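# Structural overview
Listed here are the chains, written in short residue letters.
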Amino acid sequence: MALDPGYAAPRQAGVFFERRELERLLSLYGRMVAAGEWRDYGMDGLRDCAVFSVFRRSAEAPLYRIEKHPALARKQGAWAIVGQGGHVLKRGHELEQVLRFFDKGRFSVVD
C-alpha cells in the first residue's frame, strides 16, 4: 500500500450559524456600527463552536465574542457573550434572549 501525499483526510463538519441566527447577528452589528460603537467583525466556524467576534478597531482584541456551543444546549444554553477578559457576560438557550444584553442602556448622559 502506497501513501498518496496529495490525499487529505475528509474534514469533519464544523459548527456554524444558521441563516436566521446570522441575520440577527448582522442586524445587531449594523445597529451598533450606526451608533459608532463597533467597527469590524469576524466569524469562525470551529469543530465544537461558532464564534462571531466584534471589534472597536480591527487591530485590537475583540470587544465581545458571541459564541454558539451546541453541546451545551441542554445544560447551560448554547449561546454565550464573552467579554474582553474571557468572562462570560451572558449565557442562555435562545439567541434573542442573549442579545438583549446589548439593548440595555449601558450609558447615560450626565450633566
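The notes below deal with the structure included here. The structure displayed is predicted, hence computed values, not measured ones.

### With respect to the side chain of Glu21
Its place among the elements puts Glu21 in helix α1 (residues 19-34). Other than its neighbours up to four places away in sequence, Glu21 contacts Phe16, Lys68, Trp79 and Leu95.

### Comments concerning the sheet that holds strand β4 (residues 79-82)
The sheet built from five strands is open, its strands ordered β1-β2-β3-β4-β5 with antiparallel pairing. Strand pairing shows two members of the sheet lacking a second neighbour, β1 (40-45) and β5 (88-92), which therefore form its edges. Mean inter-strand twist for the sheet, computed between neighbouring axes without regard to direction, equals 15°. For strand β3 (residues 64-68) and β4, the ladder comprises four bridges, and the chain directions are antiparallel. Pairing of Ile66 across the sheet is with Ile81, part of β4.

### Examining a nonpolar patch on the surface
Judged by side-chain polarity, Phe16, Leu26, Tyr41 and Met43 come together as a nonpolar surface patch covering roughly 320 Å² of accessible area. Tracing the chain through its elements places Leu26 in helix α1.

### Focus on the pairing of β4
The alternating pattern of β4 places Trp79 and Ile81 and Ala80 and Val82 on opposite faces, both of which are buried. Both β4 and β5 contribute to a ladder of four bridges, which runs antiparallel. When the bridges of β5 are listed, Ile81 appears paired with Lys90. Between β4 and β5, which follow one another and run antiparallel, lie five residues, and Gly86 among them has a positive phi close to 90°.

### Section: the pattern of salt bridges
In the structure shown here, the tally under the stated rule is four salt bridges. Of the charged contacts, one joins Lys68 and Glu21 as a salt bridge, the two residues approaching to 2.9 Å between their closest N and O atoms. With Lys68 in strand β3 and Glu21 in helix α1, this residue pair connects regions lying 47 residues apart in the sequence. Summarising the burial analysis for this pair, Lys68 and Glu21 share the class buried. A salt bridge links Asp103 to Arg31; the shortest N-O distance between them is 2.8 Å. On the criterion of sequence distance, the pair formed by Asp103 in the segment after α2 (95-99) and Arg31 in helix α1 is long-range, its members being 72 residues apart.

### Describing α1
Over its 16 residues, α1 extends 22 Å from the first C-alpha to the last, a length consistent with the 22 Å expected when each residue adds 1.5 Å. Of all the residues in α1, the buried ones are Glu21, Leu22, Arg24, Leu25, Leu28, Tyr29 and Met32. In a view along the axis of α1, the buried residues occupy a sector of 160°, so they form one face of it. With respect to the buried face of α1, the exposed residues turned more than 90 degrees away are Arg19, Arg20 and Ala34. Contacts made by the buried residues of α1 are with β1, β2 (50-55), β3, β4 and α2. Remark: Gly36 follows α1 within two positions and exhibits a positive phi of approximately 85°.

Parameters at a glance
- Residues numbered from 1 in each chain as written.
- Predicted model: local features only at pLDDT ≥ 70, side-chain atom pairs only at ≥ 80, totals over all residues.
- Heavy atoms only, no water.
- Helix = DSSP H or I, 4+ residues; strand = E, 2+ residues; numbered from the N terminus.
- Contact = heavy atoms within 4.5 Å.
- Pairing = 2+ DSSP bridges.
- Axes fitted to C-alpha atoms, helices over the stretch in contact; angles between N-to-C directions.
- Patch = residues over 30% accessible without salt bridge, like charges linked within 9 Å, V, L, I, M, F, W, Y side chains within 5 Å.
- Areas by Shrake-Rupley, 256 points an atom, 1.4 Å probe, with all protein chains shown as cover.
- Salt bridge = Lys/Arg side-chain N within 4 Å of Asp/Glu carboxyl O.
- Buried < 20%, exposed > 50% of the residue type's maximum accessible area, 1.4 Å probe, protein only.
- Expected span 1.5 Å × (residues − 1).
- Arc of directions from axis to C-beta.

The values are spatial; any link to function lies outside them.
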